[in-house]
Amino acid sequence: MASERDGGVRYACDRAAAALQRGELAQALRCYEYAQRLAPMDAEITLSIGATLLSMHDPRAAAAFASIAAREDVQDAWLGAAASHHGMNAQDAAARDLSMLLSRHGHVRGAANTRLHDAIATAQGEAGWCALSGDGRLHVTLLDPAADMNRLVVLFDGTPLGVRPRRCTREADRVRAVYLLPAAWRQTSQISACLKGRTLLGSPLEAAIIGQVEGFVSVSDGGLTGWAWLPHDPDCPAAITLEDAKGTTLRVLASEPAGDVRHPKPLARPRRLQVPAADLRALIAPIAVQDAGGRNLYGSPLDPSADRRSAAGAAELARRLFPAATRRTDCAIDLRLPAVPADIVGVRPCRRIARTAGVDVVIPVYRGREQTLACIRTVLASLPEGARCIVVDDASPEIGLADALQDLAQRGQIVLRRQPRNRGFPATANAGIRAARDRDVILLNSDTLVPPGWIERLAEAAYSGVDIGTVTPLSNDATVFSYPCQDGPNAIPDEAATLRFDRLAQRANGHDVVDVPTAHGFCVYLRRDCIKEVGLLREDLFAQGYGEENDFSIRARHLGWRHVAAAGVFVAHAGAGSFGSAKAELLARNLTILNRLHPGYDALIATFRQADPLAHARFQMDARRWRRQRSRKGAVVLITHARGGGVKRHVAERCAAIAASGLRPIVLTPARTPRDTACCTLADATGEEYPNLSFEVGAGLAELAAFLRDDRPQRVELHHFLGHDPAVLGLAQTLGVPYDVAVHDYSWVCPRITLVGPDKRYCGEPGGHACEACYADVGGNIEEDITPARLRQRSRGVLAKAQRVVVPNQDVVGRLRHYFPALVPVVAPWEPEIPIPPPPDRPLRRLHLRVAVVGAIGIEKGYEYLLACARHVTAYGLAIEFVVVGETCGDRRLLETGCVHITGRYEEAEAVDLIRAQDAAIGFLPALWPETWSYTLSLMWQAGLDVVAFDIGAPAERIRARGRGSLLPLGLSPAAACQALLAQRAVEEPALPSRRIVQREPVAAE
């Protein structure tokens, strides 16, 4: 599905680019807006929309650019916002945007951009403007032609600096100069330019941000490969220095585009970094790959040959531990603890639990002042007597963070250690572990928040077994240790939420510990006796981090140590903010190293995930939260499918009505377990999620019913069984309560659900052998193998025992009673009848009839028929254009006809306004099956459109009753349907009552 969406986005953007080349701005905008609905978070598409609107002089461009500027802080967004506001004569807003652009981003090249800067600064009465390039060039423009550039004052963090312009040019009405700043600018936080006491627009310039280099480096064929760039000055090449263990340096310039790098930042322009093995022969490992400010790129330092040496060592260890293994591909790791040969260095066959002198919390720090200080604050508030907080500053580039840590150290609140230069997480963590001397260590990320008592409870877990080496708590973002969702994404808790989650974990799981294959480095308790046997983290292989704690854990495992999760402790984790966009590449590189060091690591984790021993702990926490929401009046259980559409909307409306009556709505939806068996999950109307309340019902309903009984269910509403194990149909009987059935489609009588046969049209309900043959030929659309005859037999029993069978209209009554003659359904429309606004006043008619088709248009909804109509329109040059307000099962085929526009998926709340915005003359429902309701018909009516539909199902019944539309014979050809649509242009507004009524075909006997 994701690849289809990505393909659709690329196709739409290519169509937009082609339209721009032809000068068709409106068509390009449509294509970009369609692409945006396919990928609503794609910032580059939004920027393209902004650029197109700017070319159209449309004031909406400013909002498009501003949304991305606020979210992504990219150079092009601020520039576009400034240009848009300037074009709207909103000069204050333009100056604000330009100030943000200049202060946080490198100098924007190009004469047109320079003129824009001049115009905005002039309109605001500024003396001039300034900008900084990532290579240390300060660009200054003074808007007075008589201005003396020698009187300009440049300040580094408020201190005047004596510099003279390297180049100065005078124009008719301004002066421009370029200054080459001394190297000290890279250690400066802010740079300002002043003339006669007035700072220029753009000051202060955020030097640390503009000069920041982002990059990644790894070993390839004995050489180095990677990428580097300046995110805030993407036009500036990145100067990179390689320094070996003896201080020998080699300088390279990353200037060529790295087109194969997938970067999440919009309009990113990473530059290729490649150093062949021959150029490294004179360098002695480890090799530090650094930017011009001396900061390591991600992946650095590294040793091109270390991972091969380590792999050989790991293979030797594996052979000694597992002498029966005959191939390198055999797993060297097993979920069971291996029997360890007594001659392995460091192994003590007998261990005793002997607590150390205490515990220290070690926090490696690099970036993120506010997050880091919040973390330290919660640690200091929870430190037991005798414990220390050791903070190791890994040469942070943030001066404000370094100063704040120094202040805490001077007040005696923390023990501060500083790395002389940036060395990465493993080396920084090791410095903290060494500083703790003989004490236990809790290694803690600086983007965490901790609750009271967490240290004591982790220590208790660590010493609950003689062989426990590490303990990891639960968290919102910690892979297999995550809660509520194991694989996220979970919301990041604040301090109050952290306390709530921790109390929940304590009360639900108490002192429980669960064996896990490895620790997780975001927060891990390390026993000192385990550290002494295993050694420190491997800082020679894992650079900035990811995987070093897993390597430590596997090495400890080989020596007989266990790793456990403390299910009663919860620590919040913001998650990998320090690594930025290099996270994925670091993970991939380090995971490769990890599997090379420890063959079978991936299989170990996969086996653990499938077994999921922490599932019970998560279930207990969800169950405790669930119990808090119970209603004294009881509950109503609603069984439904996990798909969207009208069923989802109707169930949501029923939940709201049930909650308003004081009862608790409990929604059961189908899911799959890690073992790929059917289960059902629970939800309610509170908005909370309970992803771990999962019950397998194939073996019986006892566990699910026992859990639900405490909610005191009053009845069950059976809306849909699609995706469920058939056993769920007996839930009401197991609970001993009555149940109602709501009929949303024909899954009760047809395994294909919609009565659509092999020819992708309404089958006519032939019954008997014809239905069995259809099922044998094309199968069904429900997740069980059941023939039509057996399905109807089962449904007859379920429907007969229901207290009520509720249907939305008389058409459904007639069809159901054909199969179940004794059935007496209750008719209750899914929506109340509301006034329909008159058709919009369109005094000027278009040359083409614009027809709106609304919803998710699949095969049953008439996709193939709509495609045939569109192709007929194109082939014969008919004056019709279709606009699909929504999506289809094959957008590209429709778009290629040239007469179809598609908006993309919409939210329910925006649907009516979106339909109106298309300025269509009529609506069209091409569905070829007897729909039971059709919310899209209601939406088109609310938008003021008359609707043309086929004379079948609920839409025909509703159009006939309301008189707002026309009905077409079901077997009408696409060519005739197009002529019928064109005939609508001759009808004066407001529309006349339904003009073509065809009697519904009788249903054939089964």
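Everything numeric here is computed off the predicted structure, so don't read it as measured data. (Residues numbered from 1 in each chain as written. Predicted model: local features only at pLDDT ≥ 70, side-chain atom pairs only at ≥ 80, totals over all residues. Heavy atoms only, no water.)

Draft legend 1. Layout of the packing of aromatic side chains. For the coordinates displayed, the defined rule picks out twelve aromatic pairs. Here Tyr483 and Phe501 contribute two aromatic rings whose centre-to-centre distance is 5.9 Å and whose plane-to-plane angle is 80 degrees, an arrangement assigned as edge-to-face. Remark: Phe501 occurs in helix α14 (residues 495-509) and Tyr483 occurs in the loop between β21 (468-474) and α14; sequence separation between them is 18 residues. For Tyr483, a relative accessible area of 0% translates into the label buried. For the ring pair Tyr865 and Phe950, a centre distance of 5.0 Å and an interplane angle of 90 degrees mean the geometry is edge-to-face. Of this pair, Tyr865 sits in helix α26 (residues 863-876) while Phe950 sits in strand β38 (residues 947-950), and the two are 85 residues apart along the sequence. (Phe/Tyr/Trp six-rings, centres within 6.5 Å; stacked < 30°, edge-to-face > 60°. Helix = DSSP H or I, 4+ residues; strand = E, 2+ residues; numbered from the N terminus. Buried < 20%, exposed > 50% of the residue type's maximum accessible area, 1.4 Å probe, protein only.)

Draft legend 2. Spotlight on the nonpolar core. Leu668, Leu682, Leu704, Phe882 and Phe924 are the most contacted members of the largest nonpolar core, which totals 131 residues. When neighbours within four sequence positions are excluded, Leu704 is seen to be in contact with Leu668, Cys680, Leu682, Phe695, Val697 and Leu731. If you look at the next biggest cluster of nonpolar residues, it comprises 56 residues, including Val361, Leu458, Phe481 and Ala566. (Core = buried A, V, L, I, M, F, W, Y, C linked by side-chain atoms within 4.5 Å. Contact = heavy atoms within 4.5 Å.)

Draft legend 3. Summary view of the pairing of strand β17 (residues 388-393). The buried fraction of β17 is high, at five of six residues. Across six bridges, the pairing between strand β16 (residues 359-365) and β17 is parallel. Looking at the pairing, Val361 lines up with Cys389 of β17. What joins β16 to β17 is helix α10 (residues 369-382), and the crossover it makes is right-handed. The sheet contact formed by β17 and strand β18 (residues 415-418) spans four bridges and is parallel. Along β18, the bridge assignment pairs Ile390 with Val415. (Pairing = 2+ DSSP bridges. Right-handed = clockwise from strand over helix to strand, strands pointing away.)

Draft legend 4. View of the pattern of salt bridges. According to the stated counting rule, one finds 60 salt bridges in the structure shown. As a salt-bridge pair, Arg176 and Asp118 come within 2.6 Å of each other at their nearest N and O atoms. Taken as a pair, Arg176 in strand β6 (residues 175-180) and Asp118 in helix α7 (residues 111-123) lie far apart in primary sequence, 58 residues in all. Take Arg176: its relative accessible area is 17%, and that puts it in the buried class. Connected through shared salt-bridge partners, Asp118, Glu171, Asp173, Arg174 and Arg176 make up one network. (Salt bridge = Lys/Arg side-chain N within 4 Å of Asp/Glu carboxyl O.)

Draft legend 5. Local environment of the sheet that holds strand β14 (residues 271-275). Strand order across the open sheet formed by three strands is β10-β11-β14, with antiparallel pairing between neighbours. This sheet does not close on itself; its edge strands, each paired only once, are β10 (214-220) and β14. Neighbour-to-neighbour, the strand axes of the sheet open up by a mean angle of 15 degrees, direction not taken into account. Of the strand pairs in this sheet, strand β11 (residues 223-229) and β14 are connected by five bridges, and their pairing is antiparallel. Residue pairing in the sheet places Trp227 in a bridge with Arg272 of β14. In the packing of helix α17 (residues 583-597) onto the sheet, contacts are made with β10 and β11, and the angle to β10 comes to roughly 20 degrees. (Axes fitted to C-alpha atoms, helices over the stretch in contact; angles between N-to-C directions.)

Draft legend 6. Up close: the packing of α14 against helix α19 (residues 615-628). At a minimum axis separation of 9 Å, α14 and α19 run at an interaxial angle of 110 degrees. Classified by the angle their axes make, α14 and α19 are roughly perpendicular. Side by side, α14 and α19 meet where Phe501, Leu504, Ala505, Arg507, Ala508 and Asn509 of the first sit next to Ala617, Gln620, Met621, Arg624, Arg625 and Arg628 of the second. Classifying every residue of the contact of α14 with α19 gives six nonpolar, two polar and four charged. (Parallel < 35°, antiparallel > 145°, perpendicular 65-115°, else oblique. Nonpolar A, V, L, I, M, F, W, Y, C, P; charged D, E, K, R; others polar.)

Draft legend 7. Inspection of the side chain of Asn445 at higher detail. Structurally, Asn445 can be placed in the loop between β19 (440-444) and β20 (448-449). A distance of 3.5 Å separates a polar atom in the side chain of Asn445 from a polar atom in the side chain of His573. Residues within four places of Asn445 in sequence aside, it is in contact with Ile363, Cys375, Phe425, Gly521, Phe522 and His573. (Polar contact = N/O pair within 3.5 Å; in protein donor to acceptor, adjacent residues only side chain to side chain.)

Draft legend 8. Structural detail: the sheet that holds strand β28 (residues 678-683). Reading across from one edge, β29-β28-β27-β26-β30-β31-β32-β33 is the order of the eight strands in this open sheet, with mixed pairing throughout. Edge strands, defined here as strands with exactly one partner in the open sheet, are β29 (694-695) and β33 (826-827). Inspection of the sheet shows strand β26 (residues 635-639) paired to strand β27 (residues 664-672) by five bridges, in the parallel sense. Paired with Ile639 across the bridge in β27 is Leu668. Relative to strand β31 (residues 739-742), helix α24 (residues 788-801) is tilted by about 125 degrees, and along the sheet it contacts β30 (713-718), β31 and β32 (804-807).

Draft legend 9. A look at empty space enclosed by the protein. Applying the stated rule across the entire model yields seven cavities of 30 Å³ or more. For the second largest cavity, the calculated volume is near 110 Å³. Lining of the second largest cavity is provided by 13 residues; of these, Pro832, Ile834, Ser938, Trp941 and Arg958 occupy positions nearest its centre. Those elements that provide at least two residues to the lining of the second largest cavity are α29 (935-942) and α30 (953-962). (1 Å grid on protein atoms, 1.4 Å probe; cavity = no way out; pocket = protein on both sides within 12 Å on 5 of 7 lines; lining within 4 Å. Points joined across faces, edges and corners; volume = space filled by probe spheres on them.)

Draft legend 10. Spotlight on unusual backbone geometry. With omega at 0 degrees, the peptide bond leading from Ala285 into Pro286 counts as cis. Here Pro286 shows up in the loop between β14 and β15 (288-291). Positive phi is not limited to glycine here, since Asn89 has a value of about 65 degrees. As for its placement among the helices and strands, Asn89 is situated in the loop between α5 (75-87) and α6 (91-104). Of note in this structure, Tyr546 is not a glycine but carries a positive phi near 90 degrees. The topology assignment puts Tyr546 in the loop between α15 (528-534) and α16 (548-558).

Draft legend 11. View of the environment of Gly50. Take Gly50: it is sitting in helix α3 (residues 43-55). Separated by 16 residues in sequence, Gly50 and Ala66 place their C-alpha atoms 9.2 Å apart. Excluding residues that lie within four positions of it along the chain, Gly50 makes contacts with Ala61, Ala64 and Phe65.

Draft legend 12. Geometry of the confidence of the model for the protein chain. Taken as a whole, the protein chain shows an average pLDDT of 89; of its residues, 91% reach a score of 70 or greater. Counted against residues more than four places away or in other chains, residues 334-350, with its pLDDT under 50, gives 30 contacts. (pLDDT = per-residue confidence, 0-100.)

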